[in-house]
Amino acid sequence: MAAVLKKRALAEYNKSFQDGPAAKKLHLAKKPLIGSSAAAFVGLLEKCKSSDEALQLLLRISDCLQFQESDVEEAIKKLSEHFRSEEDSVVRVKILWLFCDIGLECPGANLNNLIDETIHLIKNETSHKVIAQGMSTLLKLGIKLNDDKALMMKLVNVGKDNLKDTSQRVKCQCLQLISELYPIYPEADRTAEMTAEADAIVKLLGDYSNAEDARVRSEAFQSLLTLHERGQTLSADLYENVCAALSDDYEIVREVAIKLVWLLGNKYPDNSVTLQDGETTIRLVDDAFIRLCSAVNDLCMQVRALACTLLGTTRAVSDRFLLQTLDKQLMSNMKKKRTAHERGAELVRSGAWASGRRWADDAPGRLLPRAAVTLLPGGAAGAFVHGLEDEFMEVRTAAVDAVCQLSMENTVFATTSLDFLVDMFNDEIEDVRLRAIDSLTRIAHHIILREDQLEIILGALEDYSMDVREGLHRMLGSCTVASKTCLEMCIEKILENLKRYPQDKRSTFRCVQRMGVAHASLVLPLTARLLAAHPYIDTPEPDVDDPAYICVLILVLNAAQHCTTMLPLFDDHTIKHYTYLRDTMPHFVPQLPIGGSEVSSIEKSETEIDDSAVRRFFGTVLQHIDNTALSTNVRLKMLQSAEEQLNKLSEMEPLVAGAANFTALLARCVLALHAALHDATPLPAHAVQQLTTDCLRLQHQFSGVSEQEAACVWQVALRVCGARLLAADTPPAALAAAAALTHHAEVLDRLLMAAGAEPDPFTIAVFQQLSVGEHAAPAALARALHPLLLAAPLPQVPAPNLKIRMCSASIIEPATDNDTVLRFCAGLVTGVALEAEVWRVRDPSALRVRVAYPDRRVHARAPPRDHLRPLDHGSTNDDGTQNVRLLTKVLISHGVWTEPCGVDISVCLAVEEGGGRETAQLVELCRPVRVTVAPKPIKRGI
């Protein structure tokens with residue numbers, strides 16, 4: 001038993017105090033330097049005869065790094081002395097590295113002294129490696145003391161002084177230190193001197209963007225970005241210098257320069273920029289957008305992908321430049337229009353033609369610089385076309401995302417880019433196809449699909465990937481089609497695809513449901529043909545179990561909700577089928593005024609769920625249950641009645657099913673525990689096992705439970721653990737039950753402290769018993785708990801909490817009414833396709849697929865992680881739980897059977913009992929589905 005539990009149990013529940021002599025004070029003497037492990041190695045540094053020995057010793061110090069607070073200063077002093085006497089630069093680098101580790105990890109280290117010592121040691125240093133490590137140490141230590149503005153300025157000045165170093169590594173470390181540690185004040189507190197000093201720092205970092213080494217140039221631009229992220233305002237004057245870096249020979253420079261161009265373009269969108277001709281001016285954000293579009297043709301794949309990503313996040317771009325990204329032809333109005341007189345004068349000045357009236361007027365024109373001649377069109381022309389046609393998947397994916405983000409805010413661009421996104425449905429990479437489908441789903445409210453586009457989209461329905469097909473179903477359900485012919489094409493292709501992939505049935509149902517709601521006016525002229533209805537001839541009644549006919553019914557019935565003129569077209573069997581679907585699949589079929597459902601519709605509107613009414617019902621059901629003045633028999637009868645009524649309430653009102661099931665299950669545990677303790681002399685093992693399972697359900701299957709309610713549940717579970725200890729008939733079972741009891745007591749102790757709740761008398765007695773007899777044998781503990789369990793009053797049932805939700809599952813495939821017998825060779829393996837939906841699970845990794853054979857053999861396996869997918873109609877709930885879809889194969893194998901038998905498959909939740917020595921318990925989330933299996937013997941010979 002934990003010491004904390006014993007102290008709390010004795011202090012709070014025993015209420016016993018002892019007066020005794022005062023505690024004797026202990027004198028703590030300072031231990032010598034050789035006492036701690038790391039300090040001992042530091043003391044041996046002066047005995048090292050070579051640099052290799054010193055380096056090995058420093059490595060051992062770095063591995064353990066355990067100093068007492070009183071030894072830290074002495075260790076730093078000895079390391080500094082060895083630094084001054086050491087000739088090898090590698091050892092000096094390691095010493096400065098140790099300074100950083102000591103300051104960050106060792107308690108009692110004076111960071112200011114470490115910083116001063118590091119500055120002093122690198123002041124006269126000549127090795128570039130040592131100086132670079134010293135700057136890195138100062139940076140990491142300075143971040144811990146960033147509130148000291150004076151110290152930060154001191155470190156920044158040290159960084160400025162070392163910027164003159166010839167090593168690129170030192171320069172990069174200094175630039176990083178200046179950008180990370182320069183103190184930035186809020187704009188309201190800045191004075192003119194502070195602003196001027198900050199501008200000087202920005203100018204200093206900007207000047208190093210012209211350094212000779214590409215790594216220094218890249219770090220200079222990155223330092224400017226770091227300053228901006230920390231709150232420093234960057235001036236628009238940096239724009240020209242940054243744009244010049246877009247043509248740098250090194251991709252690391254171009255990659256950071258692109259980020260700065262995007263930053264300045266979004267920060268100063270309306271500033272004017274003059275183009276190279278010296279006359280035309282455009283907005284800064286438009287020029288930045290054009291330069292990002294030019295970067296889409298960069299030689300480096302990373303730069304192209306980054307440029308596409310940044311294009312999608314650029315805002316306030318003019319429509320003419322935005323639309324130019326989807327057209328490879330240059331626009332004539334991108335440049336300033338000049339009159340015919342101005343064009344003629346320019347032609348004369350250029351000498352392109354001779355008039356014959358002047359001497360040497362046919363001389364050749366001025367020579368053009370080589371950099372001014374480009375073979376490929378620049379600017380925004382066709383940027384997204386190039387990105388979508390790139391050879392690398394990363395660039396195409398970034399381009400698809402960028403087009404989607406820009407289309408969500410611009411209807412014209414969304415309409416123009418529709419053809420390009422549809423073409424991406426034929427991409428060779430599945431992830432790119434999924435991104436294109438998802439992008440089209442997100443911009444569906446801006447677009448209307450034409451017939452030629454639908455041909456490509458519907459052709460992708462034949463994809464082998466289930467993710468692609470379901471994504472297309474979501475997209476078709478969200479989009480709007482242009483005409484009745486388009487809708488007819490969609491329906492025919494969806495029904496044809498359903499025959500090929502019957503496992504997509506539920507996804508197809510959701511698709512046609514949304515299409516019916518969105519296209520009610522287009523479904524109306526197709527109703528008679530879809531339902532095969534005739535005004536004079538009685539047509540045969542379709543099979544209501546046919547998935548294709550169900551799809552048609554869902555489409556028509558959802559359209560009839562918004563087009564009531566469709567209702568007189570329904571035949572009698574259509575109305576009967578509506579009633580059947582309304583009962584079996586109410587979430588797919590809306591409420592319609594046909595089939596005698598008008599009254600129920602009115603009643604439903606009048607009897608909406610009211611929290612106050614439900615609370616009053618709960619209060620009525622649970623009234624007087626906790627009244628101690630009543631006899632135990634009366635309270636037990638009231639609990640039994642409450643359980644029955646709450647179970648009926650959970651069936652009638654799904655929105656409060658979690659709270660009703662929680663309270664009913666707790667009442668059932670109380671009743672079963674009382675019956676097991678008082679009705680049977682030896683406790684029945686099956687009753688105790690059922691009680692344990694119910695307690696695990698209460699602890700792990702419900703979400704939204706308050707701390708007070710959790711404490712009540714764990715107190716009931718503590719009683720069940722005691723009953724489990726009494727029912728143990730073997731020593732291993734008794735040891736496991738005792739460990740579980742101890743674990744429950746520890747958890748309950750923490751819950752009571754967190755909730756501020758008072759424990760019941762039985763819990764207090766158990767705490768006292770465990771604190772006194774910690775090492776008692778399980779048999780002795782059972783003898784002590786038996787009278788406590790018999791004398792304990794009924795546990796308290798908490799007040800109703802309507803926020804409680806229950807984790808549950810529903811197995812869709814295999815169906816419950818499936819009579820097909822699976823035959824396979826005995827000893828081999830056969831697979832059963834399993835599709836299930838799990839709602840409100842806290843940890844999807846705890847899900848298990850349980851297989852129970854007729855001979856009581858049970859196997860539980862965790863499904864692979866990629867077999868768990870989020871539900872498309874809501875994957876995350878308000879209480880943090882998840883809704884997942886399980887698509888997996890259940891492997892079944894057994895020996896020879898004389899006749900076919902049933903194998904039960906269910907979805908469970910694995911619950912680890914921290915104090916138990918047994919395997920994880922399984923909590924079933926749904927009723928098992930039985931699959932008939934017949935293993936046949938292997939045939940020998942030919």
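So, how was this worked out
- Residues numbered from 1 in each chain as written.
- Predicted model: local features only at pLDDT ≥ 70, side-chain atom pairs only at ≥ 80, totals over all residues.
- Heavy atoms only, no water.
- Pairing = 2+ DSSP bridges.
- Helix = DSSP H or I, 4+ residues; strand = E, 2+ residues; numbered from the N terminus.
- Axes fitted to C-alpha atoms, helices over the stretch in contact; angles between N-to-C directions.
- Salt bridge = Lys/Arg side-chain N within 4 Å of Asp/Glu carboxyl O.
- Buried < 20%, exposed > 50% of the residue type's maximum accessible area, 1.4 Å probe, protein only.
- Contact = heavy atoms within 4.5 Å.
- 1 Å grid on protein atoms, 1.4 Å probe; cavity = no way out; pocket = protein on both sides within 12 Å on 5 of 7 lines; lining within 4 Å.
- Points joined across faces, edges and corners; volume = space filled by probe spheres on them.
- Nonpolar A, V, L, I, M, F, W, Y, C, P; charged D, E, K, R; others polar.
- Patch = residues over 30% accessible without salt bridge, like charges linked within 9 Å, V, L, I, M, F, W, Y side chains within 5 Å.
- Areas by Shrake-Rupley, 256 points an atom, 1.4 Å probe, with all protein chains shown as cover.
- Lys, Arg positive; Asp, Glu negative; His and termini not counted.
- Charge placed at Lys NZ, Arg CZ, Asp CG, Glu CD.
- Phe/Tyr/Trp six-rings, centres within 6.5 Å; stacked < 30°, edge-to-face > 60°.
- Lys NZ or Arg CZ within 6 Å of the ring centre and 35° of its normal.
- Expected span 1.5 Å × (residues − 1).
- Arc of directions from axis to C-beta.

**Quick look at the sheet that holds strand β12 (residues 868-870)**
In spatial order, the strands read β7-β9-β13-β12; together these 4 strands make up an open sheet with antiparallel pairing. Where the open sheet ends on each side, the last strands, each with one partner, are β7 (808-813) and β12. On average, adjacent strands in this sheet sit at an angle of 25 degrees to one another, irrespective of strand direction.

**Description of the pattern of salt bridges**
Tallied over the full model, the rule gives 30 salt bridges. Of the charged contacts, one joins Arg396 and Asp427 as a salt bridge, the two residues approaching to 2.9 Å between their closest N and O atoms. With Arg396 in helix α19 (residues 393-407) and Asp427 in the loop between α20 (411-423) and α21 (430-442), this pair connects stretches of sequence that are 31 residues apart. Each member of the pair Arg396 and Asp427 is classed as buried.

**Side note on the environment of Cys490**
Position of Cys490 among the secondary structure elements: in helix α24 (residues 484-500). Sequence separation between Cys490 and Leu454 is 36 residues; the distance between their C-alpha atoms is 7.8 Å. If sequence neighbours within four positions are ignored, Cys490 has contacts with Leu454, Leu458, Leu476, Val481 and Met515.

**Some remarks on the layout of surface pockets**
The calculated volume of the second largest pocket comes to roughly 1,000 Å³. Ser650, Ala657, Asn661, Met806 and Ser808 are, among the 25 residues lining the second largest pocket, the residues nearest its centre. For the lining of the second largest pocket, the secondary structure elements donating two or more residues are α32 (632-652), α33 (657-679), β6 (805-806) and β9 (830-841). Broken down by element, the lining of the second largest pocket gets its largest block of residues, 6 residues, from α33. Across the lining of the second largest pocket, the residue classes tally to 9 nonpolar, 8 polar and 8 charged.

**Regarding unusual backbone geometry**
The peptide bond linking Glu813 to Pro814 adopts the cis configuration, its omega dihedral lying at 0 degrees. With respect to the helices, strands and loops of the structure, Pro814 is situated in the loop between β7 and β8 (821-825). Here the phi dihedral of Ala316 falls at roughly 65 degrees; this positive angle occurs in a residue that is not glycine. On the secondary structure map, Ala316 appears in the loop between α15 (301-312) and α16 (319-324).

**Re a negative patch on the surface**
Together, Glu541, Asp543, Asp545, Asp546, Asp817 and Asp819 make up a negatively charged patch on the protein surface. Positionally, Asp546 belongs in the loop between α27 (527-531) and α28 (547-560). Asp546 gets classed as partly exposed once you look at its relative accessible area, which sits at 34%.

**Overview of empty space enclosed by the protein**
Using the criterion set out here, one finds 5 cavities of 30 Å³ or more in the structure. For the largest cavity, the lining is made up of 10 residues, of which Thr692, Cys695, Val720, Cys721 and His744 are closest to its centre. Where the lining of the largest cavity is concerned, the elements lending two or more residues are α34 (685-700) and α35 (707-727). Split by residue class, the lining of the largest cavity holds 5 nonpolar, 3 polar and 2 charged.

**Some points on the pairing of strand β14 (residues 901-911)**
Across the 11 residues that make up β14, a large majority, 9, are buried. Across 5 bridges, the pairing between β14 and strand β16 (residues 929-936) is antiparallel. Bridge pairing in β16 places Asp904 opposite Arg930. Where β14 and strand β15 (residues 921-924) come together, 4 bridges link them in antiparallel fashion. Its bridge partner lying in β15, Val911 is registered against Gln921.

**Digging into the packing of aromatic side chains**
By the definition in use, this model includes 3 aromatic pairs. Centre to centre, the rings of Phe662 and Phe702 are 5.3 Å apart; their planes meet at 75 degrees, and the pair counts as edge-to-face. Remark: Phe702 occurs in strand β5 (residues 702-703) and Phe662 occurs in helix α33; sequence separation between them is 40 residues. Here Phe662 falls in the buried class, since its relative accessible area comes to 2%. In this structure Phe702 comes out as buried when scored by relative accessible area, which is 2%. Taking the ring centre of Tyr185 as reference, the NZ or CZ of Lys149 above it sits at 5.4 Å. In this arrangement the basic side chain of Lys267 is found over the ring face of Tyr268, its NZ or CZ atom lying 5.9 Å from the centre.

**Side note on helix α4 (residues 72-85)**
The terminal C-alpha atoms of α4, which comprises 14 residues, lie 20 Å apart, in line with the 20 Å expected from a rise of 1.5 Å per residue. Every buried residue of α4 is accounted for by Val72, Ala75, Ile76, Leu79, Ser80, His82 and Phe83. One side of α4 carries all its buried residues, which in axial view fall inside an arc of 165 degrees.

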